[in-house]
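# Examining the three-dimensional arrangement
Each chain, letter by letter, is given below.
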Amino acid sequence: MKKILLLFICLVSVLNISAEVYSGSCGENASYSLDTETGVLSITGTGAMRDYMSPNDIPWYSQRSSIKTAEIADGVTTLSQFVFYECSSITSVVIPKSVTSIGDYAFIMCP
């Protein structure tokens, strides 16, 4: 019984290693959250995103392959250039009417 319980605990631990939530600031009043298990990137807050000068500057760039859906909250007014650069697994982006500007190359190298 102890061996089965230990095996179960090890299996659960291994399965949860790859699922993480990343979050932080992406503008003066904007923030992001990326759940790598669900693949949802949420950009919330108000106003403009920070203007990223290269894809490597985007905080979630190293986890870009896990993004399946992007949800931009009403109140966000701009999307930075390169915001979804090389997001190879993205299938859906929800952009509210409050977004009035989308930066260059925002969707380059997306499917």
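For the structure itself, look to the data block above.
Our subject in this report is the structure included herewith. Only a predicted model underlies this, so the values are computations on that prediction, with no experimental measurement involved.

## Some details on the overall build of the chain
Along the chain, the regular secondary structure elements total 1 helix and 8 strands. Overall, the chain shows an N-to-C arrangement of helices and strands of α-β-β-β-β-β-β-β-β. Scored against the burial criterion, the 111 residues of the chain give a buried share of 33%. Long-range contacts, defined here as pairs at least 24 residues apart, represent 42% of the contacts in the chain between residues at least 6 apart. Put simply, the chain shows about 6,800 Å² of open surface, and 59% of that area lies on carbon and sulfur atoms.

## Things to note about the pattern of salt bridges
On inspection of all chains with the given rule, the structure shows 1 salt bridge. Of the charged contacts, one joins R64 and E86 as a salt bridge, the two residues approaching to 3.3 Å between their closest N and O atoms. Pair noted here: R64 is in the loop between β4 (47-48) and β5 (69-72) and E86 is in the loop between β6 (76-79) and β7 (92-94), with a separation of 22 residues, a long-range link.

## A few points about the nonpolar core
The biggest cluster of nonpolar side chains holds 24 residues, and the ones touching the most others in it are I43, W60 and F84. Elements represented by at least two residues in this core include exactly β2 (30-35), β3 (40-45), β5 and β6. Ranked by residue count, the leading element in this core is β2, at 3 residues. Residue contacts for W60: discarding those within four places in its chain leaves C26, Y32, L34, L41, I43, M49, I67 and V83.

## Some points on a nonpolar patch on the surface
A contiguous nonpolar surface patch, about 240 Å² in accessible area, is contributed by I95, I102 and F107. In this fold, I102 is placed in strand β8 (residues 101-102). Among the residues examined, I102 registers a relative accessible area of 42% and is labelled partly exposed.

The rules behind these values
Residues numbered from 1 in each chain as written. Predicted model: local features only at pLDDT ≥ 70, side-chain atom pairs only at ≥ 80, totals over all residues. Heavy atoms only, no water. Helix = DSSP H or I, 4+ residues; strand = E, 2+ residues; numbered from the N terminus. Buried < 20%, exposed > 50% of the residue type's maximum accessible area, 1.4 Å probe, protein only. Contact = heavy atoms within 4.5 Å. Areas by Shrake-Rupley, 256 points an atom, 1.4 Å probe, with all protein chains shown as cover. Salt bridge = Lys/Arg side-chain N within 4 Å of Asp/Glu carboxyl O. Core = buried A, V, L, I, M, F, W, Y, C linked by side-chain atoms within 4.5 Å. Patch = residues over 30% accessible without salt bridge, like charges linked within 9 Å, V, L, I, M, F, W, Y side chains within 5 Å.

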